[in-house]
Amino acid sequence: MNIYKNKLINNSLRLNSIANYFIELTDKNDFIELHKFIKIKNLPVLVIGEGTNVVLPDIFEGIVVKPNFNEINFNEYNNTISAGSSVNWHEFVIHTINNNIVGFENLSSIPGSVGASPIQNIGAYGQEVSNLIESVDCYDYINNEFISLNNNDCNFSYRDSIFKKNNLLIYKLNFYTDSHKEHNLEYDSIKKYMTNNSIDPKNITTRDVSRMITDIRSITLPDPIEIPNAGSFFKNNVINKSDIKLDRFSIDELVLWEIDSEKVKVGTARLIELIKNELTKFDNVEIYENHSLVLITNKNANQKNVIDFAEHIKERIYDTFHITLEIEPAVISN
Ligand SMILES: Cc1cc2nc3c(=O)[nH]c(=O)nc-3n(C[C@H](O)[C@H](O)[C@H](O)COP(=O)(O)OP(=O)(O)OC[C@H]3O[C@@H](n4cnc5c(N)ncnc54)[C@H](O)[C@@H]3O)c2cc1C
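What counts as what
- Residues numbered from 1 in each chain as written.
- Predicted model: local features only at pLDDT ≥ 70, side-chain atom pairs only at ≥ 80, totals over all residues.
- Heavy atoms only, no water.
- Phe/Tyr/Trp six-rings, centres within 6.5 Å; stacked < 30°, edge-to-face > 60°.
- Helix = DSSP H or I, 4+ residues; strand = E, 2+ residues; numbered from the N terminus.
- Buried < 20%, exposed > 50% of the residue type's maximum accessible area, 1.4 Å probe, protein only.
- Lys NZ or Arg CZ within 6 Å of the ring centre and 35° of its normal.
- Near = heavy atom within 4 Å.
- Polar contact = N/O pair within 3.5 Å; in protein donor to acceptor, adjacent residues only side chain to side chain.
- Areas by Shrake-Rupley, 256 points an atom, 1.4 Å probe, with all protein chains shown as cover.
- Nonpolar A, V, L, I, M, F, W, Y, C, P; charged D, E, K, R; others polar.
- Arc of directions from axis to C-beta.
- Contact = heavy atoms within 4.5 Å.
- Axes fitted to C-alpha atoms, helices over the stretch in contact; angles between N-to-C directions.
- Parallel < 35°, antiparallel > 145°, perpendicular 65-115°, else oblique.
- Left-handed = near helix turned anticlockwise from the far one by under 90°.
- Pairing = 2+ DSSP bridges.

Undergrad: Can you walk me through the packing of aromatic side chains in this structure?
TA: What characterises a pair of aromatic rings is the spacing of the ring centres plus the angle enclosed by the ring planes. Within the structure shown, the criterion is met by 19 aromatic pairs. Arranged with centres 5.4 Å apart and planes meeting at 80 degrees, the rings of Tyr 21 and Phe 37 form a pair that is edge-to-face. Separated by 16 residues along the polypeptide, Tyr 21 in strand E2 (residues 18-25) and Phe 37 in helix H1 (residues 30-41) bring together distant segments of the chain. A residue is classified by how much of its surface remains accessible, and Tyr 21, at 14% relative accessible area, is buried. Residue classification places Phe 37 among the buried positions, given a relative accessible area of 14%. Members of the aromatic cluster, connected to one another through ring pairs, are Phe 31, Phe 69, Tyr 139, Phe 146 and Tyr 171. Against the face of Phe 22 rests Lys 7, its NZ or CZ located 4.7 Å from the ring centre. When the ring centre of Tyr 158 is taken as origin, the NZ or CZ atom of Lys 265, which lies over that ring, is 3.9 Å away.

Undergrad: Would you mind going over the site of the ligand with me for this structure?
TA: Neighbouring the ligand are 33 residues; Val 47, Gly 49, Thr 52, Pro 111 and Ser 113 lie closest to it. In the environment of the ligand, a nitrogen atom lies 2.8 Å from a nitrogen or oxygen atom belonging to the backbone of Gly 123. Surface burial for the ligand is 93%, taken as the share of its 980 Å² of free accessible area covered by protein chains. When contributions to the shell around the ligand are tallied by element, the ones reaching two or more residues are strand E3 (45-47), strand E8 (123-124), strand E12 (168-176) and strand E13 (229-232). Residue classes in the shell around the ligand are distributed as 18 nonpolar, twelve polar and three charged.

Undergrad: Mind showing me how you'd approach helix H2 (residues 89-98) here?
TA: The periodicity of an α-helix, 3.6 residues per turn, causes residues three or four positions apart to be oriented the same way. Here H2 has its buried residues at Trp 89, Phe 92, Val 93, Thr 96 and Ile 97. Looking down the long axis of H2, one finds its buried residues gathered within 145 degrees of arc, a one-sided arrangement. Capping the start of H2, Asn 88 holds a side-chain oxygen 3.1 Å from the backbone nitrogen of His 90, two or three residues further along. Looking one or two places after H2, you find Asn 100, whose phi comes out positive at around 60 degrees.

Undergrad: Can you help me understand the environment of Asn 144 in this one?
TA: Tracing the chain through its elements places Asn 144 in the loop between strand E10 (133-140) and strand E11 (145-150). When its relative accessible area of 32% is taken as the criterion, Asn 144 is described as partly exposed. In this structure, the C-alpha to C-alpha distance between Asn 144 and Ile 38, residues 106 residues apart in sequence, is 11 Å. In this structure Asn 144 touches Ile 32, His 35 and Tyr 139, once residues within four positions along its chain are discounted. Here the side chain of Asn 144 touches Tyr 139 through a polar contact of 2.7 Å, side chain to side chain.

Undergrad: Sorry if this is basic, but what is going on with the packing of H2 against helix H4 (residues 206-220) here?
TA: To characterise two packed helices, one gives the angle between the axes of the helices and the distance between these axes. Here H2 crosses H4 at 155 degrees, and the two axes come no closer than 9 Å. Of the possible angle classes, the one that applies to H2 and H4 is roughly antiparallel. Along this stretch, H2 crosses H4, giving a crossing that reads as left-handed. Each of His 90, Ile 94, Ile 97 and Asn 98 in H2 lies in contact with H4, whose residues at this interface are Thr 206, Arg 207, Ser 210 and Thr 214. Considered class by class, the residues forming the contact of H2 with H4 number two nonpolar, five polar and one charged.

Undergrad: Sorry if this is basic, but what is going on with the sheet that holds E11 here?
TA: Either a parallel or an antiparallel arrangement is found when strands of a sheet pair, and the pairing is made through backbone hydrogen bonds. Overall, antiparallel pairing links the five strands, which are arranged E6-E7-E12-E10-E11 in an open sheet. Each edge of the open sheet carries a strand with a single partner, namely strand E6 (72-75) and E11. Averaged over all pairs of adjacent strands, the angle between strand axes in this sheet comes to 20 degrees, irrespective of strand direction. Strand direction decides the pairing type here: strand E7 (residues 80-84) and E12, joined by five bridges, are antiparallel. Looking at the pairing, Gly 84 lines up with Lys 172 of E12.

Undergrad: I tried to follow the packing of helix H5 (residues 268-275) against helix H6 (residues 303-321) on my own but got confused; where do I start?
TA: The N-to-C vectors of H5 and H6 enclose an angle of 90 degrees; their axes lie 10 Å apart at closest approach. Accordingly, the angle class assigned to the pair H5 and H6 is roughly perpendicular. On the side of H5, the interface is formed by Leu 271, Ile 272, Leu 274 and Ile 275, while H6 contributes Ile 313, Arg 316, Ile 317, Thr 320 and Phe 321.

Undergrad: Hey, could you run me through unusual backbone geometry in this one?
TA: Across the chain, the bulk of peptide bonds are trans and the bulk of non-glycine residues have phi less than zero. Despite not being glycine, Asn 6 shows a phi value in the positive range, around 50 degrees. Residue position: Asn 6 is located in strand E1 (residues 2-8). Even without being a glycine, Asn 155 presents a positive backbone phi close to 50 degrees. Assignment of secondary structure puts Asn 155 in the loop between E11 and E12. What makes Asn 155 exposed here is its relative accessible area of 53%.

Undergrad: Mind showing me how you'd approach the environment of Gln 303 here?
TA: Looking at the element boundaries, Gln 303 is found in helix H6. Along the backbone, Gln 303 and Ser 17 are 286 residues apart, and their C-alpha atoms lie at a distance of 8.8 Å. Leaving out residues up to four positions away in the same chain, Gln 303 has contacts with Leu 15, Val 55, Leu 56, Pro 57, Asp 58, Val 331 and Ile 332. Within the local environment of Gln 303, its side chain forms a polar contact with the backbone oxygen of Val 55, the two atoms lying 2.9 Å apart.

This is how it looks when you write it as structure tokens:
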């Protein structure tokens, strides 16, 4: 285990954030040493992957832990494939495709690590990682215990799981290799892309689907290497349709997905688009022009700039639609 003091934490919003202690783990044997270190220092702990879904403070007065486990293995006995937490998610998706596994392709090009994928139950284009996970292997760094959670134990739901509130470091994930037989091409933007490019769904390979998703994403989402961002900044709320305030805009101007006779999932990007011109300008942070759910920074921003702007958006959305937005990335405090 390597311990660094006052180290910069890499993150895709490019916030200048320093960790008092930064620990890199390379081996399962490091866990006991980590547990002892945490006990002695008695400071808050943050497990970090690639930093693409966090809003970090200027100084994290605690211990940042970065697991470094890169192995990928097949288990033919129970038809699973396991991946270490630091394997890059998209590289893992490509690995599954190279091995003729179906089901991961719609999650192509989501930034970040395998280990973070269950935290907010990553999802895109009609697929969620919870449909692919068999079990999650974790280490409880407070109680010095190894725990394996099966899919049900993880309490997965839309952008949520049990991992958001506990002391577990995920070091390995086990995924089904045979849970999906067919491609899921039902999502509107996939259908549109296939029509526009005269793609026949009957003759499409898993690799083609992956490339198509990557292409669709590159049009709407900024590449964090060029434009700092953390992906979608707000969730899509599920609410009663009758609770939406509609004195300024009509229901037809919103994007709604019906859940049942009363409940709808509301497309937050459209809500923001509708009030975008009324927002106050803030330093160092703005809305990405091709996608209103994405906040981008100019590399000089800090956590306060980003959160102040997000709170301003939340206020304006509440005043206009009576909808309380929820921030999607993890906002880290000390
Ligand atoms: C351009 C862009 C597009 C995106 N598109 C999508 C999308 O389509 N769908 C989607 O769901 N998300 C999307 N995201 C969000 C992001 O890609 C995912 O949340 C991803 O899983 C984050 O991975 P990470 O390794 O960067 O996690 P980090 O940002 O490092 O961490 C995120 C959270 O997970 C915790 N964590 C990380 N690793 C571990 C571990 N090993 N054990 C325990 N806790 C851990 C952290 O403490 C933190 O709370 C997007 C982000 C960007 C920048």
